[in-house]
Structures are given as structure tokens and as C-alpha cells.
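# Structural description and commentary
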Amino acid sequence: SIQPQTTKPPPTKLIPSGVVCLRGNLVQETRDDTAVYRITGLWSMGLDQILADPENKLALCSDFEYEHKTESSSGETSASVPAVTFPPSGTYIGSFTVNNAGVKTKVEEQDVVLNFVENNEGFYNVEGKGSNMYGKYTISGTLSTEGVITIYRHYTSLVAQPTKTNKTKKKESVPQVKPPPTKLIPTGVVCLRGKLVRNTSEGISLDKYCIHKITGMWAMGLDKILADPENSKGECSNFEYEHKASGGVTAFPLSGKYNGSFLVNAPHGGAKTKIEEKNVMLKFRENTEGYHNVEGKGSNVWGKYSITGTLSKEGEITLFRHYQAVKAQPKKAKKVATAKQQKPPAANKKQTTVSRTKTTASKLQTPHKSFTPSTNPNIAAGENLLERFRILLSRLQTTTEILQNWPETQGDSAKIHNDTATELIASIRKIVTGLRTVERHVNGTGPSQAATNIPAEALEKFRSSLDDKCPVPLDLLDLLDIGQPFGINPQCYARGLMKEAMRQLAGLERRKNALAMLGSAIEKGLNERSNTDDVETAPAPESESATNKIVTVSKRKRDEGDETDVVDTSKKMRTD
């Protein structure tokens, strides 16, 4: 029960924005013998959003509903209780809706305690506490004389967080010296330029979060972005990063881990590729000019990098990525040289790279010295083929490492690029040689160094077995996927054979249907021909009468011809 107060408190001040706010109406209803006090309305990340859109046409708010039931022991409803008991303090039960990317989720709440205290202005202050899946919170607010209730949730986790930042500020406040502005790099370094905004209304996934979002374009230099801000030439690509923070944190800009992605142009103008990035650390520090320097680090598929840049007072952020992959290359060369114990350490980077390439090449070109073939000649031929593939894959890996560790330009000299390109071309030629060696071993079109110790009969038997096991045309993938005893991925090869078998069966089915159609057409033609012959031979009497008529007509014509001959003869005699 609430004890009466001798002095009424002043009204609780309303918080315009930045705190979770619930606003609705408190009404009394009667259900059977129970008085139900219901609170229904809208909630949002700030009172300003509710007041700006009370009908929620912009869908920035969500629904909530709470109720409190009271039942008198004498059977009389609480509606008959004097009006001084309204509004009732106590435990309320209800729920609220969370709009997560268009999908609404209902969050239940139990034991939400609300206490109503009359203030010196004639209406009520609201105090209380509660908890849900997002944590514990305290409640403050007001209830007007018209029954309009406005309450705020103050999450305890949000209150505790500034104390942590205060501790960090104490640790960082020791130097008390602001750095000078970071110098912008005009060209030659990967640059990202865009806008940093703090969004508390759109794109919010939970009611206690706001989002710090960076969007813009990136290119291989700041000069390209400044020369073509509309990206009409297509030399820039889009990027986007965001950082979720608690709604109670109002600091801007906010240091922390940002997640996002950027697009990469295809080599020949195809579809762009999206590269995801996580835990990109950005730290903002105010400089002597009044805006902020940006420092940080991150990593992606191309390696680790450090970040430098600036954030202007207008929220325009410019970041530079400094990749660190080149620093790891000399260490790899030293490890290879130490393991092989061949030549002394190189004097410069170029010599180290060449020694590493020669060491790898000597290792790949002499695998048969440490390779012991099987006693079975047929299996030995397959093992030699597999060894050829291992060599080929090693050469491919070496080429990939050259591309991944491509050095950056040092000054205005392009010599380091020429040296690396020469190394790359030599590595590609070794790949071509390895491919030709595999083809010779499989097809038998020429001598193969790996098969010199294998009898010709074993090689021929091995190639015949490939023909039996590979009814589809052979290529490198088929050989890599062939079954035991020298297969790498027999399941993939079995799926390929099944696909080819289904294709051939489909062709046979089409031929079968075509032959069936042809047989049907021939049968139809034969039937029509038989029917025609039956019609011509059926009316025998009519045929005989017609024949008699033809004979009679012919006889009459002969008689008429004889009479004509007699007349002509008599005329000729008279003339003579």
C-alpha cells in the first residue's frame, strides 16, 4: 500500500528523445466481477517520434498493451470502489511488439510494477520497474487527468555503460594533448570516403539500439574519388559499414567495431563482387583543429591492414587502408632457406625471392628420388600419375603465393614490379610443363620422365584401364576425380559419370521415340495402301459390264471402218 505523503512532488519532466518511450491511455473496464485497468498505445525510441506521427503512418512506432486486475473479497467489483483508488498501483502484465526488418515479434512481460503518486500540479507521476528479454529497467513518467499515460524505460545495462566509458576516459585523460590533424594521402593508397550518421529511427533491430552508419565510395586513390564524385567513369565502388550501440549512448562519433562490406569491380566489366568484413576497429580522437582523426585496423581476403583518416565536423569521413601483407614475405623466404640449408641469406628482397623460387623448383622437379613406386606395375603407373598431380598443384600454389604477395611500389621505381612479373612468368611456364607431363603420361604421345622406370606393358594396361573407367572424354578434372587406388575425389567422379549416363539415356529415349513415330507412320501408310487396293477390286459385276460395253463399242467402230473402206474403194474404181 502507498503511504500518504505530506508534500506532493513536482511533476516528472518529460524526456523529448533518446529514451524508450511508451504513450497511451489508461482506462477501467469490468469483466464479470473483476475490474481490469488497461493501458494501450504506441512505443518508440523517443517521445518526439510518437508526437510527430500519432497515427503511426511512417511505421516508426509499435503497439504495446498492459493490464492490471483487481477483485474485491466481498464479491463487489472494483468499479464500486471510490474514485480515490484510481489509478491503481500494482503489478501489470502485458506485451509489446518489436518491428525487426518488417517482421513483427511479440515480447511478453510479467511483473511490471507501476506506482502512481499525485504531484503538486493535480495529476500523477509514475514510478516503477520491470524486466524483459533485453534486461532490467526502471520506469518514470506521468499520467494526465485525461488518462493519457507517458512512461520511460531506463535500462540498467544502459545506465551502467557510461560508468565504463568514464573509467576509460580517466585512463585516457592522462596525456591531455590533442594530436594534429592526420594528413590526407592524395594518391597511391586505397581510400574510402563517405558520410557517418547516427540513426535512431530507421534500421533499428531492437528497442535499445541505435546505428552509426558509414556509406560512400572507395577507389585506389583519393584523387580518383575527388575527380569523379558521381562515379561516371566507373572507377569507384560502393561500401557500407555500421556499428550498433545502446540507445542511451549519445556520444558521436562512437569508437568501436564496425561490420559491413564493399564491392569489387569485375576484370572485364561483369557483375560486381561483394566482400564482407567484420570487426573493423575504428577509433575517433579529437585533434587540434576541432574535428577528429581516425585510427584503426581490420582484415579481409587480401590480408590485414591498418587505418588512418579524418572525420570532418560535417560528418564526412575519409579513410586510408595500409595493407601489411608485404612485411610477411621476407620471413617466409628465411624459413624456406633455413629448412633447406642451401644458400646464405640473400642481400636484398629480390635475391631472397629468387632463392625461394629455385628451392621450390628443385623440390618439385625431383620428386621421384624420394618416391617409391608400388611393386604392382599397374598401380605404380597410377601412383606416378598422382605424383605428377601433386607437383602440378604445388606449382599452382607457388604461383598463387606470388600473386597474393605482390609488392607495393617503392617510390617512383617500377623495378620491383618487373622482377615480380618475371618470377610470375617463370612459374606459369613450369605449370605448363607440368600439364604437358601429365598429358604425355596419360595419352602416351611422347616420353615422360616420370614413367621411365615403368614397363611399357604396365603403362599400356594403365591407359586401357583409364579408358574403361572413363567412358566420357578425359580431362584433368576427370583424372583428379577417378576412383581407387589412386583417386582423390571418387564421389565427384561418380556423380559426373551418373550425369553422363543420364544424358546418354536421354538421347536413347529420344531415338526410341523417333523410331516409334517412324514405325507408326509406316504402319499407317501400309494400312491406307491396303484399303485402296480393296476398294479397286471389290465391284466385280460392274467391271464385267463395263468390259462388255468397251468390246461392243470397239466392234461397232470396226464395222464403221469397214464400211468406210468399201465406199472409198468404189470411188477409186469409178475414177479409174
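Residues numbered from 1 in each chain as written. Predicted model: local features only at pLDDT ≥ 70, side-chain atom pairs only at ≥ 80, totals over all residues. Heavy atoms only, no water.

### Section: the overall build of the protein chain
Across its full length, the protein chain carries 11 helices and 16 strands. Scored against the burial criterion, the 576 residues of the protein chain give a buried share of 33%. Expressed as a percentage of contacts within the protein chain between residues at least 6 apart in sequence, the contacts between residues at least 24 apart total 55%. Total accessible area on the protein chain stands at roughly 36,800 Å², and carbon and sulfur atoms take up 54% of it. (Helix = DSSP H or I, 4+ residues; strand = E, 2+ residues; numbered from the N terminus. Buried < 20%, exposed > 50% of the residue type's maximum accessible area, 1.4 Å probe, protein only. Contact = heavy atoms within 4.5 Å. Areas by Shrake-Rupley, 256 points an atom, 1.4 Å probe, with all protein chains shown as cover.)

### Digging into the packing of aromatic side chains
Applying the stated criterion across every chain yields a total of eight aromatic pairs. Seen from their ring centres, Trp 43 and Phe 96 are 5.8 Å apart, and the 85 degrees between their planes marks the pair as edge-to-face. Here Trp 43, found in strand E2 (residues 34–44), pairs with Phe 96, found in strand E4 (residues 90–100); they are 53 residues apart in sequence, far enough to count as distant. Accessibility classification places Trp 43 together with Phe 96 in one group, the buried group. Among the aromatic residues, ring-to-ring pairing joins Trp 218, Phe 262 and Trp 302 into one connected group. Taking the ring centre of Phe 96 as reference, the NZ or CZ of Arg 153 above it sits at 4.5 Å. Taking NZ or CZ as reference, Arg 321 lies 4.7 Å from the ring centre of Phe 262, over its face. (Phe/Tyr/Trp six-rings, centres within 6.5 Å; stacked < 30°, edge-to-face > 60°. Lys NZ or Arg CZ within 6 Å of the ring centre and 35° of its normal.)

### Quick notes on the nonpolar core
Across soluble globular proteins, nonpolar side chains have a tendency to be buried as a group. Ile 39, Trp 43, Tyr 66, Phe 96, Leu 114, Phe 116 and Val 126 are the most contacted members of the largest nonpolar core, which totals 25 residues. Leu 192, Ile 214, Tyr 241 and Phe 262 belong to the second-largest nonpolar core, a separate cluster that totals 20 residues. (Core = buried A, V, L, I, M, F, W, Y, C linked by side-chain atoms within 4.5 Å.)

### Some thoughts on the confidence of the model for the protein chain
The predicted model of the protein chain has a mean per-residue pLDDT of 74, with 65% of residues at 70 or higher. Note on residues 158–175: pLDDT under 50 across the span, and six contacts to partners over four residues away in sequence or across chains. (pLDDT = per-residue confidence, 0-100.)

### Brief notes about unusual backbone geometry
The phi dihedral of Asp 111 is positive, around 55 degrees, even though this residue is not glycine. Tracing the sequence through the fold places Asp 111 in strand E5 (residues 103–118). Positive phi is not limited to glycine here, since Asn 279 has a value of about 55 degrees. Mapped onto the elements of the fold, Asn 279 is located in strand E13 (residues 273–286).

### Regarding a nonpolar patch on the surface
There is a patch of nonpolar side chains on the surface, built from Met 498, Met 502, Leu 505 and Leu 508 and spanning about 420 Å² of accessible area. Mapped onto the elements, Leu 508 comes out in helix H10 (residues 490–537). For Leu 508, a relative accessible area of 47% corresponds to the partly exposed category. (Patch = residues over 30% accessible without salt bridge, like charges linked within 9 Å, V, L, I, M, F, W, Y side chains within 5 Å. Salt bridge = Lys/Arg side-chain N within 4 Å of Asp/Glu carboxyl O.)

### With respect to the pattern of salt bridges
Summed over all chains, the structure comprises 12 salt bridges. Between Arg 38 and Glu 29 there is a salt bridge; the shortest N-O distance is 3.4 Å. Classification of Glu 29 as partly exposed rests on a relative accessible area of 28%. With its nearest N and O atoms 2.8 Å apart, the salt bridge here joins Lys 213 to Glu 240. Pair noted here: Lys 213 is in strand E10 (residues 209–219) and Glu 240 is in strand E11 (residues 237–246), with a separation of 27 residues, a long-range link.

### Observations concerning the environment of Asn 99
The topology assignment puts Asn 99 in strand E4. Taking C-alpha positions, Asn 99 is 8.5 Å from Cys 61, a pair spaced 38 residues apart along the chain.

### Description of the environment of Leu 282
With respect to the helices and strands, Leu 282 occurs in strand E13. Taking C-alpha positions, Leu 282 is 9.9 Å from Leu 319, a pair spaced 37 residues apart along the chain. Aside from chain neighbours lying at most four places away, what touches Leu 282 is Ile 214, Ser 255, Gly 256, Tyr 258, Val 294, Glu 295, Ile 307 and Leu 319.

### Notes on the side chain of Thr 142
Structurally, Thr 142 can be placed in strand E7 (residues 135–143). What Thr 142 contacts, discounting residues up to four positions off in sequence, is Thr 12, Leu 14, Phe 123, Tyr 124, Asn 125, Val 126, Val 148, Ile 149 and Thr 150.

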